[in-house]
Amino acid sequence: MAIDQILQQEFQRIIKGRIAFNEPMRGHTTIKIGGPADVWVEPVDIQDLMSVIRWADDNDISRMVFGNGSNTLVRDGGIEGVVISLKNFSNIVLNRHEDANYVVVGAGANLQQLIGWTAEESLTGLEYMTGIPGTLGGALIMNAGSKDGTIADVVKSIKYVTKNRTVTVEKEDLEFGYRKLKLPKGAIIIEAELTLKTGDKNEIGSRISKRRGERGDVQPLLWPSLGSIFKNPESGEKAWELIDETGLRGVRVGGARVANEHANWIVNENNATAKDVEVLIRLIKEKVKDKTKVLLETEIIVVGE
């Protein structure tokens with residue numbers, strides 16, 4: 001439902017951060033697609049964020065956190081309720097100890113900028129995530145990673161908030177899975193503490209450059225996209241190989257196309273709509289199921305109406 005003017009005015013009075021109404025989401029997604037959000041808000045600190053949560057929950061208004069939109073398809077009808085950006089939660093604090101280096105990072109920190117920072121500080125442990133787009137918060141929620149590891153490998157603890165309190169959870173009490181992290185309903189991650197080792201700055205830089213080159217060789221970086229669309233099946237196959245078997249590389253629906261460079265990517269080639277992308281996703285799932293008997297599961301998140 002649309003948020004009425006009285007509630008809008010109340011929201012503006014109690015929130016310190018930037019607020020926008022009917023905010024076009026295509027400007028917040030890497031695939032450059034998405035209808036308007038009822039409310040877009042950028043809380044400035046923890047208290048401001050908790051005020052957003054309380055206002056939304058007390059008024060029975062839906063809310064969601066939005067990172068940099070690298071794995072989220074927003075439907076053409078947009079998003080009802082409040083969309084929360086944690087762009088102001090991007091702090092990085094390093095605590096060096098004899099046994100390890102502990103880095104406290106805000107959930108809104110850009111993952112690739114974080115990797116560059118760790119390289120400058122001669123810290124190793126995140127190079128395998130080079131080229132993975134998104135924020136730290138999104139990486140934690142999705143337990144993002146590559147064949148060499150996931151973000152869970154370096155997590156010491158995370159901190160999240162509800163409308164009334166902040167909670168810190170140590171690694172041993174967290175439930176990470178393949179591309180997921182289990183959290184209490186409605187909880188919002190605000191930061192994580194990572195454990196990184198000291199390494200040789202030049203070697204770390206070389207590993208990052210090599211990984212960046214490898215990803216650039218096989219990924220369609222010239223077009224807006226969401227990255228990998230489907231998870232790799234638990235049975236061990238690669239999603240892109242299964243899609244390749246169907247001959248769908250390069251197939252178009254409207255302005256969306258299965259990437260020629262990587263069959264598990266869909267690109268926005270010509271003003272694609274979310275509907276174009278969803279139709280293409282359904283086509284891929286049906287063709288792969290018919291040919292290989294494997295039902296692919298999407299890795300991206302689809303939101304809105």
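Our subject is the structure listed above.
About the thresholds
Throughout, a residue's number is its position along its own chain's written sequence, starting from 1. Predicted model: local features are reported for residues with pLDDT of at least 70 only, side-chain atom pairs are reported and counted for 80 or more only, and whole-chain, interface and lining totals are derived from all residues. The basis for every side-chain value is the complete set of non-hydrogen atoms in the structure, without hydrogens or water. The helix and strand labels rest on DSSP assignments: H or I over at least four residues marks a helix, E over at least two residues marks a strand, and numbering proceeds from the N terminus. Think of it this way: a Phe, Tyr or Trp ring, Trp meaning its six-membered ring, pairs with another when their centres are within 6.5 Å, and the plane angle makes it stacked under 30 degrees, edge-to-face over 60, tilted otherwise. Buried means the residue's accessible area, taken with a 1.4 Å probe over protein chains only, is under 20% of the maximum for its type, while exposed means over 50%, and partly exposed covers the values in between. In this description, strands pair whenever DSSP reports at least two bridges between them. Here, axes are lines fitted to C-alpha atoms. For helices the fit covers the stretch in contact, and angles between N-to-C directions go from 0 to 180 degrees. Whether two residues are in contact is decided by their heavy atoms: any pair within 4.5 Å suffices.

## A few points about unusual backbone geometry
Here is step 1 of the chain: One non-glycine residue with positive phi stands out, namely Ser 122, at about 60°.
Here is step 2 of the chain: Considering the arrangement of structural elements, one finds Ser 122 in the loop between helix H3 (111-120) and strand E8 (123-124).

## Considerations on the packing of aromatic side chains
Aromatic rings considered in pairs are described by the distance between their centres and by the relative angle of their planes.
Here is step 1 of the chain: Enumeration over the complete set of coordinates arrives at 2 aromatic pairs.
Here is step 2 of the chain: Taken together, a centroid distance of 4.2 Å and an interplanar angle of 35° make the contact between Phe 11 and Trp 55 tilted. Highlighted residues: Phe 11 in helix H1 (residues 5-14) and Trp 55 in helix H2 (residues 46-58), separated in sequence by 44 residues.
Here is step 3 of the chain: Given the relative accessible area of 0%, Phe 11 is considered buried.
Here is step 4 of the chain: Look at Trp 55 and you get buried, because its relative accessible area is 4%.
Here is step 5 of the chain: Centroid distance Trp 40 to Phe 66: 6.3 Å. Interplanar angle 65°. Geometry classified as edge-to-face. Taken together, the residues Trp 40 in strand E2 (residues 36-42) and Phe 66 in strand E3 (residues 63-66) connect sequence positions 26 residues apart.
Here is step 6 of the chain: By relative accessible area, which is 2% here, Trp 40 ends up buried.
Here is step 7 of the chain: Take Phe 66: its relative accessible area is 2%, and that puts it in the buried class.

## Comments concerning the sheet that holds E2
Across a sheet, strands are paired by hydrogen bonds formed along the backbone, either parallel or antiparallel in direction.
Here is step 1 of the chain: In space, the 4 strands of this open sheet follow the order E1-E2-E5-E3, with mixed pairing throughout. Of all the strands in the sheet, just strand E1 (18-24) and E3 have a single pairing partner and so form its edges. Looking at each pair of strands side by side, their axes are set apart by 30° on average, direction ignored.
Here is step 2 of the chain: The pairing of E2 with strand E5 (residues 79-85) spans 4 bridges and is classified as parallel. For Val 39, the partnering residue across the bridge sits in E5 and is Val 82.
Here is step 3 of the chain: Contacting E1 and E2, H1 runs over the sheet at an angle of about 145° to E1.
Here is step 4 of the chain: Across the sheet, H2 lies against E2, E3 and E5, angled at about 165° from E5, the strand it touches most.

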